[in-house]
Amino acid sequence: MADYPLVLRYAARSHVGLVRAKNDDSAYAGRYLAVVADGMGGHAGGDVASASTVLDLIHLDHNHHDDEAGTHLADEIQSANSLLSELVHVNPKLAGMGTTVTALLLSDERLAYAHIGDSRAYRLRDGVFEQLSTDHTFVQRMIDEGRMTEAEAEVHPHKNVLMRVLGDVDASPELDLKYFDAIPGDRWLLCSDGLNFVRHEMVEEVIRNTKSLASTAETLIDLTLAAGSPDNVTVVVFDIAEDVPDQTATLDTVPSADLAALGETVDASNEANDAGDSPESTPETIDSPASGDETADAAERETESLDSYVRAEAVRQELAAREHELVGAAVTANAEGKIPHLVRQPAIPRAATVLTHKPKNESATTGEDTEVSLPRLRRRPWLMMVIGVLTVLVLIAGSWAAYAWTQTQYFVGAANGNVAIYQGVSQSLGPISLSHLHSETTVRIDSLPTYSQQLVANTVPASTLGDAEQIISDLQLGTGTSLPPCNLLETPKATAPATTGSATASPSASAKPTPTATTSGTAAPSASSTASPTAHASCIPGDGK
């Protein structure tokens, strides 16, 4: 156990980087609290999200949490998430904004840790430098599942895709929460992902060998810029130290405000709120029915007035009351007084409620529930279900249409050794046949020419039933463009004397005499006199001989 209470000795630095037009990072470091937030730079409100979140946590920077430090830290981060959702509800132009958060809160000899996103926390203890945070990114999930190596993740095109983040995406995002022992001499580094452009070995070298915390933070920023990082970069470096009297290092603070005047301002605001005379409860602007554009404009002016009157002073009071370093977008937000702030003081939650909700008269007119900050999150499961059902229906309809078309087709094939007609197509989908037997003929396959037998074995497609029947006739007669030429046979041609009133028939292709037809219908054998050979074409069904 330490002889004296433990505190953080710290330094914080932030830089916009070499490409970005604005800094979306924010950070705060104090005697008991350190937090880094990286706003989603691809969205309009990245700086708003990170600054709002950081400024919402600064009131936790004290040592009176007892055993509830982790609970307080988690609750305040969830409250900050709700506030971001409400901001989007009021101003849809901020839709899609979000921020990462990595925070450590010292209480006695333990550090409460809360984390979401891809900002990181490192610790140097007893010569061991290690990353204690886990990136909530797509590639990290792939690594954890064994589907990607760390080397592949470094060059993956989606390495910056976040799976978890604060913002208007999830009404209650999942945080990584745990406790770490606080041991004097431990050095911690919190940073946004802009520092990832510096090799891990170089970061470790700086943390190990740079004694001054301020120099450590500045060196890390310089290395990031030298590496050509296009992203914002923010670092907080702190040591766990005993709060020894007269030996604690003097730390730079934000210039103090006139606390007496500030106290009078807040007290006056509280008295007005208790008496019901606060601007947000004025009957003419809030409780009276909507009377057109003038009423809405008046309510908006009252809200803006309360914005600049209460919120900025409350934030400045919190910052002026303690040693700290504030960097990044939060500095600008604090100077301009544009970020709502939730602090456990009577005037502040009420101010935040007015600042982040529509006036009551407008809510009554439109019928909207101002307490619902993320209504579309409730509809999303239904939307996904509807899309899924429609997709299944489209697949079923497409499959049925394809099958129905196959049943309009026919082909000639074999069945039980006979030529048969099938309805459908000869293909199949795995175990599913796309055809069935329509009719079986009495034509034996072995009675067809060899080439015709091969055609039947391979199946012959037909567009209609009539075409299939014609194909069978062609196979029997040995005709058709798909069949080979017929055999040419030489047979003798017999002539006979002319008989009055009778007509003779030319002999057949057989060498034997055949009867001739007479007008009387009787058959008489033809007389063989002279014979001259003649070439005669004959297509004979059977074995082709």
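See the structure above.
It should be emphasised that the depicted structure is a prediction, and the values quoted were computed from it without experimental measurement.

About the cut-offs
- Residues numbered from 1 in each chain as written.
- Predicted model: local features only at pLDDT ≥ 70, side-chain atom pairs only at ≥ 80, totals over all residues.
- Heavy atoms only, no water.
- Helix = DSSP H or I, 4+ residues; strand = E, 2+ residues; numbered from the N terminus.
- Buried < 20%, exposed > 50% of the residue type's maximum accessible area, 1.4 Å probe, protein only.
- Expected span 1.5 Å × (residues − 1).
- Arc of directions from axis to C-beta.
- Contact = heavy atoms within 4.5 Å.
- Polar contact = N/O pair within 3.5 Å; in protein donor to acceptor, adjacent residues only side chain to side chain.
- Lys, Arg positive; Asp, Glu negative; His and termini not counted.
- Salt bridge = Lys/Arg side-chain N within 4 Å of Asp/Glu carboxyl O.
- Pairing = 2+ DSSP bridges.
- Axes fitted to C-alpha atoms, helices over the stretch in contact; angles between N-to-C directions.

K.L.:
How do you make sense of unusual backbone geometry when you look at a structure like this?
P.N.:
The phi angle of most residues is negative, glycine excepted, and most peptide bonds adopt the trans form. At Asp126, a residue that is not glycine, the phi angle is positive and equals roughly 50 degrees. Its location among the elements puts Asp126 in the loop between β7 (120-125) and β8 (128-131). Despite not being glycine, Thr459 has its phi angle at roughly 70 degrees, a positive value. Along the chain, Thr459 falls in the loop between α14 (450-458) and β17 (460-462). You can call Thr459 partly exposed: its relative accessible area is 25%.

K.L.:
I tried to follow helix α6 (residues 213-226) on my own but got confused; where do I start?
P.N.:
Along an α-helix, residues three or four apart share an orientation, since each turn contains 3.6 residues. Its 14 residues give α6 an end-to-end C-alpha distance of 20 Å, which sits within 8% of 20 Å, the value for a rise of 1.5 Å per residue. Those residues of α6 that fall on the buried side of the exposure criterion are Leu213, Thr216, Ala217, Leu220, Ile221 and Thr224. With its buried residues spanning 130 degrees around the axis, α6 presents them on a single face. Facing away from the buried side of α6, by more than 90 degrees, are the exposed residues Asp222 and Ala226. Elements that come into contact with the buried residues of α6 comprise β1 (6-15), β11 (187-191), α5 (200-209) and β12 (233-242). For α6, the side-chain oxygen to backbone nitrogen distance between the N-cap and Ala214 is 3.4 Å, and the N-cap itself is Ser212. Just beyond α6, the residue with positive phi is Gly228, at close to 80 degrees.

K.L.:
Please clarify how the side chain of Asp38 should be interpreted in this entry.
P.N.:
Mapped onto the elements of the fold, Asp38 is located in strand β3 (residues 33-38). No salt bridge is formed by the buried Asp38, whose closest oppositely charged neighbour, Arg20, lies at an N-O distance of 6.3 Å. Residues within four places of Asp38 in sequence aside, it is in contact with Asp24, Asp25, Ser50, Gly98, Thr99, Thr100, Ser119, Ser192, Asp193 and Asp231.

K.L.:
Hey, could you run me through the sheet that holds β7 in this one?
P.N.:
In a beta sheet, neighbouring strands pair by backbone hydrogen bonds and run either parallel or antiparallel. Overall, antiparallel pairing links the five strands, which are arranged β1-β12-β11-β7-β8 in an open sheet. Each of the sheet's edge strands pairs with one partner strand only, and the pair in question is β1 and β8. For this sheet, the mean angle separating the axes of adjacent strands, direction not counted, is 15 degrees. With 10 bridges joining them, β1 and β12 adopt antiparallel strand pairing. Within the sheet, the bridge partner assigned to Arg13 lies in β12 and is Val235. With respect to the sheet, α5 is in contact with β7, β8 and β11, its orientation differing from that of β8 by roughly 130 degrees. This element, α6, spans β1, β11 and β12 of the sheet and lies at about 30 degrees to β1.

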